[in-house]
Amino acid sequence: MRFHVLTLFPEMIEQGLSTSITGRAMQKGLVSLDAVNIRDYADNKHRKVDDYTYGGGAGMLMQAQPVYDACMSVQSRLDRPARVVYMTPQGSIFTQQKAQELAQEEDLIILCGHYEGIDERVLEEVVTDEISIGDYVLTGGELPAMVVIDTISRLIPGVLGNGVSADTDSFMNGLLEYPQYSRPEIWRGKQVPPILLSGDHAKVDRWRKEQSLARTRERRPDLYRKYMEEHPEAEGGAKGKKSR
Ligand code: ADE
């Protein structure tokens, strides 16, 4: 996967993703990151890329021309046109399912707004997807872009390393993940659920499934309802089981 991020703060994106798993994925060549400074495409010597909004109102807007030129410059270097994702609180909410869909792409262009946003005309011209990471407003699209890149990267084969798979994650099957435990067996008087020490894999799997169902029912009734509609045979799996 090759990520191309159009931003006024390329160093924020580079620094934010250069450590830990995303950093290693880049070193291994499984993911590449090309942070493009929109300011490099300003058509004036002051490198100014924002201006007042027509109709009045507080704040400055990113202008169409530098955003368009930055985007076209990236597209012209690719074999075929890439999807352009604009990070905005007005987009559709980012989900694991959307991440799985985008993980199939070879190149993704991610556009980050700042100030009060971007001139609508360039959005109409270049953007294919508008994504929000939640119903709250950040100062810019950089953190949301990093959220999207991190989520997609860990779905790319090899990124999580050594047989670790994203398949059992929360949301991958429409349910929250079951609770997990490591050593010691007793910590502050709390015992690891004995079934996990039984060595009976079928029983462990069943217990985990029940815990997933119970947790989802308690914490995310919206997800639970949807899951039950799609898997009516699972009814009863979560009955009477408290996950906490
Ligand atoms: N830019 C500002 N707030 C945002 C949000 N919630 N999601 C995506 N991009 C944003």
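Nothing here was measured: the structure is a model prediction, and the numbers come from that model. (Residues numbered from 1 in each chain as written. Predicted model: local features only at pLDDT ≥ 70, side-chain atom pairs only at ≥ 80, totals over all residues. Heavy atoms only, no water.)

Asks: Which residues make up the domain arrangement of the chain, and what values go with them?
Replies: As assigned here, the chain comprises domain 1 (2-153) and domain 2 (170-239). Placing the centre of domain 1 and that of domain 2 at their C-alpha centroids yields a distance of 37 Å. (Domains from an automatic or database assignment.)

Asks: Before we move on, can you summarise a negative patch on the surface with the specific residues and values?
Replies: There is a patch of like negative charges on the surface, built from Glu120, Glu124, Glu125 and Glu130. Here the negative patch gets 3 residues from one element, more than from any other, and that element is helix H5 (residues 120-126). Note that Glu120 resides in helix H5. (Patch = residues over 30% accessible without salt bridge, like charges linked within 9 Å, V, L, I, M, F, W, Y side chains within 5 Å. Areas by Shrake-Rupley, 256 points an atom, 1.4 Å probe, with all protein chains shown as cover. Salt bridge = Lys/Arg side-chain N within 4 Å of Asp/Glu carboxyl O. Lys, Arg positive; Asp, Glu negative; His and termini not counted. Charge placed at Lys NZ, Arg CZ, Asp CG, Glu CD. Helix = DSSP H or I, 4+ residues; strand = E, 2+ residues; numbered from the N terminus.)

Asks: Describe the site of the ligand, and please don't skip the residues or the numbers.
Replies: Around the ligand sit Met87, Thr88, Pro89, Ile131, Ser132, Ile133, Gly134, Tyr136, Val137, Leu138, Gly140 and Pro144, and those are all the residues in its vicinity. Within the backbone of Gly134, an N or O atom sits 3.1 Å from a nitrogen atom of the ligand. Relative to its unbound accessible surface of 260 Å², the ligand loses 96% to contact with the protein. Contributing elements (two or more residues each) for the shell around the ligand: strand S5 (83-93) and strand S7 (129-132). With 3 residues, the top contributor of residues to the shell around the ligand is S5. Broken down by class, the residue content of the shell around the ligand amounts to 8 nonpolar, 4 polar and no charged. (Near = heavy atom within 4 Å. Polar contact = N/O pair within 3.5 Å; in protein donor to acceptor, adjacent residues only side chain to side chain. Nonpolar A, V, L, I, M, F, W, Y, C, P; charged D, E, K, R; others polar.)

Asks: Got a sec to walk through helix H8 (residues 221-230)? Specific residues and values, please.
Replies: Listing the buried residues of H8 in full gives Leu223, Tyr224, Tyr227 and Met228. Seen end-on, H8 carries its buried residues on one side only, within an arc spanning 130 degrees. Those residues of H8 that are exposed and aimed more than 90 degrees away from the buried face are Arg225, Glu229 and Glu230. Elements that come into contact with the buried residues of H8 comprise helix H7 (201-219). (Buried < 20%, exposed > 50% of the residue type's maximum accessible area, 1.4 Å probe, protein only. Arc of directions from axis to C-beta. Contact = heavy atoms within 4.5 Å.)

Asks: Can you break down a nonpolar patch on the surface residue by residue, with the values?
Replies: On the surface, Met12, Tyr136, Leu138 and Leu143 cluster together into a nonpolar patch covering about 350 Å² of accessible area. Its place among the elements puts Tyr136 in the loop between S7 and helix H6 (142-153). Residue classification places Tyr136 among the partly exposed positions, given a relative accessible area of 47%.

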